[in-house]
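Residue-level structural notes
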Amino acid sequence: MNTTALSATRRARELADLRRRDTPLDLIVIGGGITGAGIALDAASRGLDVALLEAHDLAFGTSRWSSKLAHGGLRYLASGNVGIAHRSAVERGILLQRTAPHLVRPLAQVVPVHRDTSPLGAVLPGLGFVAGTVLTRLAGTGADRLPGARLVGPRRVTGLVPGVRRDGLCFGHVNWDCGLVDDARLVTAVARTAAGYGARIITRARVVEASGTRVTVRDESPVHDDDNAVTREFTLPARAVVSATGVWAGETAPEVSVRPSRGTHLVIDAAALGHPTGALTVAVPGEINRFCFAIPAGFGRLHVGLTDVDAPGPVPDVPESSDDEIDFLLDVINRALATALTRDDVLGTFAGLRPLVDTGDGAPTADLSREHAVLTSHNGLVTVTGGKLTEYRLMAEQAVDLVAERAGLAASPCRTADLPLVGAPGHAAGSDAAAPTPDGLLPASLVERYGQEAATVVAVSGLDRPLDPVAAGLDVTRAEFSFAVTHEGALTVDDVLDRRSRVGLVPADRAAAEPAAREAVALVSEL
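On a predicted model such as this, the values are computed, not experimentally measured, just so you know.

What counts as what
- Residues numbered from 1 in each chain as written.
- Predicted model: local features only at pLDDT ≥ 70, side-chain atom pairs only at ≥ 80, totals over all residues.
- Heavy atoms only, no water.
- Helix = DSSP H or I, 4+ residues; strand = E, 2+ residues; numbered from the N terminus.
- Rg over C-alpha atoms; globule rule 2.2 N^0.38 Å.
- Buried < 20%, exposed > 50% of the residue type's maximum accessible area, 1.4 Å probe, protein only.
- Contact = heavy atoms within 4.5 Å.
- Areas by Shrake-Rupley, 256 points an atom, 1.4 Å probe, with all protein chains shown as cover.
- Lys, Arg positive; Asp, Glu negative; His and termini not counted.
- Charge placed at Lys NZ, Arg CZ, Asp CG, Glu CD.
- Salt bridge = Lys/Arg side-chain N within 4 Å of Asp/Glu carboxyl O.
- Phe/Tyr/Trp six-rings, centres within 6.5 Å; stacked < 30°, edge-to-face > 60°.
- Pairing = 2+ DSSP bridges.
- Axes fitted to C-alpha atoms, helices over the stretch in contact; angles between N-to-C directions.
- Polar contact = N/O pair within 3.5 Å; in protein donor to acceptor, adjacent residues only side chain to side chain.
- Parallel < 35°, antiparallel > 145°, perpendicular 65-115°, else oblique.
- Left-handed = near helix turned anticlockwise from the far one by under 90°.
- Nonpolar A, V, L, I, M, F, W, Y, C, P; charged D, E, K, R; others polar.
- Expected span 1.5 Å × (residues − 1).

Moving on: the overall build of the protein chain. The number of helices and strands found in the protein chain is 15 helices and 18 strands. Expected size for 527 residues packed as a compact globule is a radius of gyration near 24 Å; at 23 Å, the protein chain falls within 12% of this value. Along the first, second and third principal axes, the C-alpha set of the protein chain runs to 70 × 55 × 40 Å. Per-residue burial over the protein chain gives 60% buried out of 527 residues. Within the protein chain, contacts between residues separated by at least 24 positions form 73% of all contacts whose residues are at least 6 apart in sequence. Of the roughly 20,100 Å² of accessible surface on the protein chain, a fraction of 53% belongs to carbon and sulfur atoms. If you average the places of the 51 positive and of the 62 negative side-chain charges in the protein chain, the two averages end up 4 Å apart.

A complete count under the given rule lists 45 salt bridges for this structure. A salt bridge links Arg87 to Glu391, with the shortest nitrogen-to-oxygen separation between them at 2.9 Å. In this pair, Arg87 sits in helix 4 (residues 82–99) while Glu391 sits in the loop between strand 18 (382–386) and helix 10 (392–407), placing the two residues 304 residues apart along the sequence. Across the pair, Glu391 and Arg87 agree in class, each one buried. Within this structure, Asp57, Arg204, Asp495, Arg499 and Arg500 form a network of salt bridges that share partners.

This part is about the packing of aromatic side chains. On inspection of all chains with the given rule, the structure shows two aromatic pairs. Arranged with centres 5.9 Å apart and planes meeting at 25°, the rings of Trp65 and Phe350 form a pair that is stacked. With Trp65 in the loop between strand 2 (50–53) and helix 3 (74–78) and Phe350 in strand 16 (residues 346–357), this pair connects stretches of sequence that are 285 residues apart. Taken as a pair, Trp65 and Phe350 share a single burial class, namely buried.

Moving on, we come to the sheet that holds strand 10 (residues 241–243). Spatial ordering of the open sheet is given by 6-2-1-10-18-17, a layout of six strands whose pairing is mixed. Strand pairing shows two members of the sheet lacking a second neighbour, strand 6 (200–202) and strand 17 (372–376), which therefore form its edges. Taken over all neighbouring pairs, the strand axes of this sheet differ in orientation by 15° on average, direction set aside. Relative to strand 10, strand 1 (residues 27–30) runs parallel, the two being bridged by three bridges.

A few words on the sheet that holds strand 7 (residues 205–210). In any sheet, the strands associate via hydrogen bonds between backbone groups, in a parallel or an antiparallel arrangement. Read across the open sheet, the three strands follow the order 7-8-9; overall the sheet is antiparallel. Both outer strands of the open sheet, strand 7 and strand 9 (233–237), are each paired with one neighbouring strand and no more. Neighbour to neighbour, the strand axes of the sheet diverge by 35° on average, direction disregarded. Note: strand 7 against strand 8 (residues 214–219), five bridges, orientation antiparallel. Residue pairing across strands places Ala205 opposite Asp219, the latter belonging to strand 8.

Turning our eyes to something else, we now look at the side chain of Ser445. Structurally, the position occupied by Ser445 is in helix 11 (residues 444–450). A polar side-chain atom of Ser445 sits 3.2 Å from the main-chain carbonyl oxygen of Asp475.

Contact geometry of helix 2 (residues 34–45) with helix 7 (residues 183–196) gives a least axis separation of 8 Å together with a crossing angle of 25°. Considered as vectors, helix 2 and helix 7 are oriented roughly parallel to each other. Relative to helix 7, helix 2 is oriented so that their crossing is left-handed. Of the residues in helix 7, those touching helix 2 at Ile34, Ala37, Gly38, Ala40, Leu41 and Ala44 are Leu186, Val187, Val190, Ala191, Thr193 and Ala194. The residue makeup of the contact of helix 2 with helix 7, split by class, is 10 nonpolar, two polar and no charged.

Every α-helical turn comprises 3.6 residues, leaving residues that sit three or four positions apart pointing alike. Helix length check: helix 7 (14 residues) gives 20 Å between terminal C-alpha atoms against 20 Å at 1.5 Å per residue, within 8%. Counting buried positions along helix 7 yields 14 of 14 residues, so the element is predominantly enclosed. The N-cap residue of helix 7 is Asp182: its side-chain oxygen and the backbone nitrogen of Ala184 are 3.5 Å apart. Within two residues after helix 7, Gly198 carries a phi angle of roughly 100°, on the positive side.

What follows deals with helix 13 (residues 478–486). By the criterion of burial, helix 13 is predominantly enclosed, with nine of the nine residues buried. Turning to helix 13, its buried residues are Arg478, Ala479, Glu480, Phe481, Ser482, Phe483, Ala484, Val485 and Thr486.

Turning to the packing of helix 13 against helix 14 (residues 493–500), a few remarks are in order. Direction vectors running N to C along helix 13 and helix 14 enclose 115°, while the axes themselves pass 10 Å from each other. For the element pair helix 13 / helix 14, the angle class is roughly perpendicular. Between helix 13 and helix 14 lies a crossing whose hand is right-handed. On helix 14, the residues that touch Phe481, Ala484 and Val485 of helix 13 are Val496, Leu497 and Arg500. Partitioned by chemical class, the residues of the contact of helix 13 with helix 14 number five nonpolar, no polar and one charged.

Here we take up the environment of Ala131. With respect to the helices and strands, Ala131 occurs in helix 5 (residues 119–138). The class for Ala131 is partly exposed, based on a relative accessible area of 32%. Taking the C-alpha atoms as reference points, Ala131 and Gly451, separated by 320 residues in sequence, lie 32 Å from one another.

Now the structure itself:
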């Protein structure tokens, strides 16, 4: 296995090799989100010669703006889509039990029931949770990993979510799903694992033209030498090309129609709800399959979401939350709280665009299918879009199966269902292994984010005082910022703050940590 470390040095070397290449790669993947990274890993682990090209950075788009859940598709049972629900439960089990147990954790969903809750609202969540438990068991996840749904008394409800309204609290429904330590970190882990199998992971490489057998690439590296005689653009041949560009799918395949739906989240201090350990779940009034959540997150924060708003027009690089969405989320979640949240409690917001396949019937985005699609353009380009983050591995498997058959690629059977990602137990660290640091000396937060790589993060730090926080009050160490640059492919301050550490979700945290991020990025020049 090759090293899994991604760095500016490796990027430059592999980009130079691609420029000189005159024989086709087996597969080019366009897009460095979770789907593109998953396709690169699937193909590389089957023995194919693969390059992934991303216009910005890993997890730059939708893959960093999710609810940070690896969920079992419970919502889709309510709308009768058992297929998506079952697939989500199976893929969640794979992440939790085999491929990424260091990044996926059991999370209690709590639906409080008050005296003023409607009879339907008091019963339906429990029925859905029981159905979800059945689905979980059918998917092969046992009660030792995810307990079954249950009815609990007021004391247990307030124990999981201390900030819940206690006046008139009768009981609560509890269901167990899974939370992600971080969605962007999952993308990075998948991409690095793919690199360990020989995939070339090239960020800041924009595909300006694509067909099923070649792409034209423009190098947009922030450290590109403009005085160099090498042109920024070059053409790269391949036996197959797959676009996994999400809401930007129409840019490489104009005949593919994607209807973006914006999902907004609020970032709240967890103290406002008493530092809950469960995810408060509140039904959207008048809806049977839509809920808002207050989900425990890192740095003592909560993420309150989720909206589902049609987002027509040009696709922005960074979507913005609207005032109406912020007010909507506060209004729904406050229905279950003892002390109402206000705009002053909102430390930050983030919004993502779901790449929904356009059915052309004008239905509200909340009613559009979350099914994914694998489409082939007239020029042979294969596009994968739609779907859910939890199903990324299955989407990748189907895409590689398709292109391998059509292009006659000598690919071995898919193996990603049993392939541990970097940091997970069982992953072959190879040359990335470092002398272990006694567990007692490692911050718990470091182990939670890096799993079995935690000691390596500290041991290979290019910054001094590696265990010091990057800023007062943040449980992110200087070693993590260094590792982002030397091993996770970060090239800029934004890469470090917004996609490797997620400190940037709160503007005040971002400003405090920026000096340490600049210090880490300076390592690029030194390397």
